[in-house]
Amino acid sequence: MNARLQELEKRSIAIIREAKAQFKNLAVLWSTGKDSTVVLWLCKKAFFGKIPFPVVHIDTGYKFPEMYRFRDEIAREWGLDLIIARNEEALKSGMSPEKGRLECCTQLKTEALKRLLKERKFDALILAIRRDEHGIRAKERYFSPRDEDFRWNYKDQPAELWDIYVKPSEDFSHMRVHPLLHWTEIDVWEYVKQENLPVNPLYFARNGKRYRSLGCMPCTVPIPSTASTIDEIIQEIKTSKIPERAGRAQDKEKAYMMQKLRSLGYM
Amino acid sequence: MSTDRINLVVVGHKDHGKSTLIGRLLYDSKAISEEKIEEIKAELKQTGKEELEFAFLLDSLEEERRGGLTIDIMQTPFKSKKRLYTIIDCPGHREFIKKMLTGASQADAAVLVVSARDGVQDQTRQHVFLIKTLGIKQLVVAVNKMDEVDYDEAFYQRTCSQLKPVLRSLGYHNVTVVPVSALKGDNVYRKSERMKWYEGLTLIETLDEKIVPPSLPSNKPLRGVVQDVYPYEDGRQVIVCKIETGVLKPKKQVVFNPSGKTGRLEKVLAFGKVIGKAEPGESVGLIVDGVDTVERGEVLSYAEDQPVKVRSFVAEVILFSDIQIREGDEVTIRYGTAEKKCRVQRILNEIDPVNLTVKAENPEVLKNQAVGEIEFIADEPLCLERYSDIPELGRFVIEGAKGAEAAGIVLEINRHS
Amino acid sequence: MIILALDALDIHCVQKFDCKNLMQKEYGQTSLKGFSQERTVVLWASFLTGRNMEKEIPIKTQWEFKLQPEQTFLKFFPDYRVIDLPAFSYKQRNHEEERRLLKGYFEDEVTVEEYESLVWRNHEENKRDFFRELGKTSLLIGYFNLADAIGHLSFGLTEKMAVVYEELDKIAGEVRASEEFILIISDHGMKAVGRYGDHSSNGFYSLNRELGLNLPEITSFYNTIRSIAKSEY
């Protein structure tokens with residue numbers, strides 16, 4: 001096994017095991033993307049085969065059909081305790097990105113999750129975010145507390161020293177656990193290859209395009225590419241440096257605006 | 001190409017150019033995507049501020065750039081010819097000690113930035129003190145802003161002589177000091193044309209030469225911490241343990257302390273496979289003959305080299321935020337995976353991290369992010385080690401409502417006043 | 001003379017929303033030639049002094065920058081009132097709070113609604129101050145940043161901008177009733193970036209008298225105002 005991946009894996013598994021030991025009602029979020037599938041696999045390894053807590057899929061209703069197929073197949077094969085979170089009301093009343101992207105994400109993703117948390121009283125959630133994904137992610141910690149409104153006081157984060165993770169007792173609704181923080185995009189692909197993990201076919205090129213990251217159908221734009229194997233994908237990533245979320249239009253505009261306003265002295 | 005990775009922390013006074021240096025390292029090593037650089041260049045072309053690109057490169061964190069201060073940690077890797085470095089940026093502002101400590105605590109080496117013009121400041125000393133307290137043994141110094149002093153060797157030499165006593169008194173010897181200009185790019189990646197009097201290596205070359213990748217503490221006595229117990233086959237349980245030091249091999253007699261439970265280690269499991277050994281950093285499952293369950297927090301070792309059961313200890317403690325510690329206080333400490341109660345027997349002194357002198361003997365209280373030596377009495381025996389022997393079990397945090405509110409490093413064990 | 005200083009007012013929107021009162025007798029775009037950035041404070045300071053002030057106003061301290069009346073065209077008037085104009089009588093606290101909430105929005109801590117509600121509140125305050133002073137002095141300058149503040153976060157949302165331009169057109173309508181010389185001017189325009197609005201490099205101007213200006217530079221209004229002031233006061 002690749003020595004580097006071994007190190008990454010060790011650290012992640014230690015974090016996942018700590019999460020299980022410290023929190024009574026744990027769940028892992030799974031988007032069926034490559035990162036969260038790696039996290040699921042790491043959970044399987046950590047607990048010697050079967051994941052002893054629920055796997056949550058937030059279904060916005062706008063996901064690619066390939067995603068739904070993939071999800072159900074893996075859930076069956078891996079014996080997952082799968083919970084699907086959907087904001088049915090918002091969908092019925094016609095919520096869509098046309099009503100404003102921010103509004104749509106808030107209603108269909110955040111609200112759906114909030115309601116599930118309330119219902120099932122999860123006190124910790126494992127998520128697959130990585131530091132190199134996006135600017136604001138660089139501030140995240142392995143264990144990151146959230147209050148009831150999912151607000152994250154990143155200005156006053158508790159100290160995270162020496163792998164000792166302490167749960168705050170004030171203003172606390174649930175802990176977010178990020179075992180994949182220290183992995184890069186390339187690390188993830190190499191691990192997927194090494195472990196022979198199932199991959200959503202959308203990641204591979206079809207008709208000269210492929211999806212580098214999988215959001216919802218209306219808001220995710222494919223990038224031009226001919227990469228149709230994992231090796232080719234890894235090569236492509238190494239040579240180009242387009243940020244992964246380049247297809248997520250909303251992020252890019254917001255990032256640009258922030259930069260521009262800062263250069264004008266507004267912030 | 002080696003996959004060597006080094007974690008670096010960059011410390012120094014907030015106005016001495018840490019952020020610019022980091023930006024320069026990232027920029028010159030091409031750690032930032034072409035597209036992002038183009039974006040920033042287009043913005044800056046208009047303002048004629050091309051050189052400040054590097055500061056803008058660090059805009060991953062929105063909360064920054066008011067007066068050039070960074071506020072939180074950022075991990076951004078960059079490459080040299082030899083290896084991959086990950087920087088953990090440390091802010092230079094006094095108020096962010098807590099966050100700075102969190103950044104410094106995972107580093108393998110530190111780069112200290114000192115301005116050639118201003119020289120060694122209080123904050124400079126404070127940072128060196130804190131790095132030392134956290135056990136970072138490798139240090140390289142960059143004397144920055146050489147462009148502001150016309151690349152004059154006299155300023156470099158002056159700073160070197162200011163640095164020597166400070167570094168030596170804290171145990172840093174033979175530290176390489178590189179004169180650089182992060183803004184202009186001199187001696188960071190590229191050898192400077194403007195400092196012909198300097199015959200040493202550039203900063204990146206110095207890092208490659210002088211910094212040694214951390215070696216695993218495999219040669220120390222075996223110490224592991226129990227994380228959890230999971231059900232296994234045949235109604236048995238597997239004890240999940242993280243190895244901190246030493247090497248774990250099956251068929252040997254192991255002991256869990258402070259409970260004293262002991263048995264022969266039958267199997268070591270990793271992810272469903274039986275493995276032959278486990279090294280520091282690995283979290284593995286143990287099947288121990290005669291021991292079915294053990295409490296989280298217990299310390300694993302071989303029978304022939306067990307940790308001392310500690311009843312009292314002296315630690316150097318650093319307070320974060322607004323916690324206060326008084327004699328007689330009951331605190332909960334966390335070390336390894338253990339969570340134990342202790343009483344503050346005596347506050348021996350308060351240390352001034354700036355002057356490195358004792359500020360007060362036997363103060364009544366430590367507050368305002370103070371640093372001091374405290375004698376603790378444990379309610380039940382603990383398996384702490386001296387930080388200088390086994391740092392992994394020689395450090396702890398003190399719990400408060402907000403999470404970890406203070407950190408401690410064990411100086412002595414079982415000392416009686 | 002009455003000057004309506006409307007931050008970020010854009011000719012394309014004025015036309016799209018058919019703002020008859022804003023368009024007046026003569027209207028067009030201004031040129032920002034010579035400015036490397038479209039900074040609000042720099043542009044209004046340059047408008048007031050008649051020269052390019054970009055190099056004299058560093059970004060870090062720009063919001064606190066203040067001109068003396070003798071440095072501006074105000075000196076040509078026997079008396080004047082200037083409400084909230086950047087580089088002269090800027091309402092520091094109000095706008096600092098706006099900027100704070102703007103930042104909060106990008107940090108995902110403040111909603112668009114919270115930000116907009118503050119902007120409108122400050123706008124109402126300026127309106128009150130402005131109409132109270134109308135008719136009292138030989139020069140009245142009223143500054144309104146509604147189009148800029150709302151536009152930054154919502155320029156791409158037509159319904160929102162329609163409301164903003166309707167409001168500004170209404171203010172222009174009420175001023176029109178008086179018989180003075182009226183200049184409506186903006187520092188820069190706006191262009192869409194998705195839903196957001198970025199500064200663009202042409203401002204807007206309109207006059208209730210035909211002066212035959214052609215893509216005037218923002219610094220050229222100083223002389224125009226001086227000649228009018230000389231001839232009337």
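### Some remarks on the sheet that holds strand E5 (residues 182–185) of chain C
Residue and element names in this part refer to chain C.
- With mixed pairing, six strands are arranged side by side in an open sheet as E2-E8-E5-E1-E4-E3. Bordering the open sheet on either side are strand E2 (26–31) and strand E3 (80–83), each of which pairs with just one other strand. Here the average twist between neighbouring strands, direction ignored, is 15°.
- Contacting strand E1 (2–6), strand E4 (139–144) and E5, helix H7 (residues 158–176) crosses the sheet at an angle of about 175° to E1.

### So, the sheet that holds strand E6 (residues 174–177) of chain A
Residue and element names in this part refer to chain A.
- Taken together, the six strands give an open sheet; going across it, the order is E3-E2-E1-E4-E6-E5, and neighbouring strands pair in mixed fashion. Looking along the sheet, the strands with just one partner apiece sit at the ends: strand E3 (82–85) and strand E5 (143–146). Pairwise comparison of adjacent strand axes, ignoring direction, gives a mean angle of 30° for this sheet.
- Relative to E3, strand E2 (residues 55–58) runs parallel, the two being bridged by four bridges.

### Here we look at the pairing of strand E22 (residues 403–413) of chain B
Residues and elements named next belong to chain B.
- Counting buried residues in E22 gives eight out of eleven residues, a clear majority hidden from the surface.
- Examined bridge by bridge, strand E14 (residues 310–319) and E22 share seven bridges and lie antiparallel to one another. Along E22, the bridge assignment pairs phenylalanine 313 with isoleucine 413.
- Relative to E22, strand E21 (residues 395–400) is paired through six bridges, and the arrangement is antiparallel.

### Focus: the confidence of the model for chain B
Residues and elements named next belong to chain B.
- For chain B, per-residue confidence averages 81 on the pLDDT scale, and residues scoring 70 or more make up 81% of the total.
- Looking over chain B, one finds the lowest element-wise mean pLDDT in helix H4 (residues 97–104), namely 48, and the highest in strand E13 (residues 299–302), namely 96.
- Across residues 46–55, where pLDDT falls below 50, the model places 22 contacts with residues more than four positions away in sequence or in other chains.
- With pLDDT under 50 throughout, residues 58–74 is counted as low confidence; its partners more than four residues away or in other chains account for 50 contacts.

Criteria and thresholds
Residues numbered from 1 in each chain as written. Chains lettered and ligands numbered in written order. Predicted model: local features only at pLDDT ≥ 70, side-chain atom pairs only at ≥ 80, totals over all residues. Pairing = 2+ DSSP bridges. Helix = DSSP H or I, 4+ residues; strand = E, 2+ residues; numbered from the N terminus. Axes fitted to C-alpha atoms, helices over the stretch in contact; angles between N-to-C directions. Contact = placed C-beta atoms within 7 Å. Buried ≥ 20, exposed ≤ 12 C-beta atoms within 10 Å, placed from the backbone. pLDDT = per-residue confidence, 0-100.

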